[in-house]
Amino acid sequence: SSGINAEYGGTSHYHVALENRLAELHNKERSLVFTSCYVANDTTLQTLARQLDAEIFSDSGNHASMIAGITNSRMPKHIFRHNDTDHLEELLANSDPDR
């Protein structure tokens, strides 16, 4: 289970039971419960970016939780102007596809 950090917040029997039940309900091997959507976005984006060795393209209007996850991943990032697909295309054209 996850919170900000299980070492600080702890994991109780109830957390484990909820995660087990959710996994069973969705026919998955495991599940993970986060303390908030902010923590879920931050943790998920930083983990995926690192695991995929990703170069990230992010809208400048993204929620703070997404910005935190992208920043915390320490992966190369490019921020395009809010809803500006021309700017995004420009950034994509200048990125290294072999990265």
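Here the structure is a predicted model, which is why all the values come from computation and not from measurement.

1. Let's talk about the overall build of the chain
Here's step 1: Helix and strand counts for the chain come out as five helices and two strands.
Here's step 2: Moving toward the C terminus, one meets the helices and strands of the chain in the order α-α-α-β-α-β-α.
Here's step 3: Expressed as a percentage of the 99 residues in the chain, the buried residues total 22%.
Here's step 4: Residue pairs at least 24 apart in sequence account for 39% of intrachain contacts in the chain once pairs closer than 6 positions are excluded.

2. Topic: the side chain of Ser95
Here's step 1: Locating Ser95 in the fold gives a position in the segment after α5 (85-93).
Here's step 2: One polar contact links the side chain of Ser95 to the main-chain carbonyl oxygen of Leu92, over a distance of 3.1 Å.
Here's step 3: Once you skip the residues sitting within four places of it in the chain, Ser95 turns out to touch Glu55 and Phe57.

3. What to know about the confidence of the model for the chain
Predicted coordinates in areas of low pLDDT are best not read in detail.
Here's step 1: Scored by pLDDT, the chain has a mean of 90; 90% of the residues are at 70 or more.
Here's step 2: Here residues 1-5 is a poorly scored stretch, pLDDT under 50, and it has 16 contacts once near neighbours within four places are set aside; other chains count.

4. Some words on the pattern of salt bridges
Here's step 1: Counted according to the given criterion, the structure contains two salt bridges.
Here's step 2: Its salt-bridge partner being Arg21, residue Glu24 comes within 3.3 Å of it at the nearest N-O pair. Pair noted here: Glu24 and Arg21 are both in helix α2 (residues 13-25), with a separation of three residues, about one helical turn.
Here's step 3: Notably, a salt bridge pairs Arg81 with Asp84, separated by 3.1 Å at the nearest N-O pair.
Here's step 4: Residue Arg81 is classed as partly exposed on the basis of its relative accessible area, which comes to 48%.

5. Brief notes about α2
Here's step 1: For α2, spanning 13 residues, the distance from its first C-alpha to its last is 18 Å, which sits close to the expected 18 Å at 1.5 Å a residue.
Here's step 2: The backbone nitrogen of Tyr14 lies 3.1 Å from a side-chain oxygen of the residue at the head of α2, namely Ser12.

6. Quick look at the environment of His82
Here's step 1: With respect to the element layout, His82 can be found in the loop between β2 (77-80) and α5.
Here's step 2: Of the residues examined, His82 reaches a relative accessible area of 49% and is grouped as partly exposed.
Here's step 3: When neighbours within four sequence positions are excluded, His82 is seen to be in contact with Asp59, Ser60 and Gly61.

7. What about the pairing of strand β1 (residues 56-59)?
Here's step 1: In this structure, β1 lies alongside β2, joined through four bridges in parallel fashion. Bridged to Ser58 within β2 is Ile79.

8. A look at unusual backbone geometry
Here's step 1: A positive phi is found at Asn27, a non-glycine position, where the angle reads about 55 degrees.
Here's step 2: Structurally, Asn27 is set in the loop between α2 and α3 (37-51).

Criteria and cut-off values
Residues numbered from 1 in each chain as written. Predicted model: local features only at pLDDT ≥ 70, side-chain atom pairs only at ≥ 80, totals over all residues. Heavy atoms only, no water. Helix = DSSP H or I, 4+ residues; strand = E, 2+ residues; numbered from the N terminus. Buried < 20%, exposed > 50% of the residue type's maximum accessible area, 1.4 Å probe, protein only. Contact = heavy atoms within 4.5 Å. Polar contact = N/O pair within 3.5 Å; in protein donor to acceptor, adjacent residues only side chain to side chain. pLDDT = per-residue confidence, 0-100. Salt bridge = Lys/Arg side-chain N within 4 Å of Asp/Glu carboxyl O. Expected span 1.5 Å × (residues − 1). Pairing = 2+ DSSP bridges.

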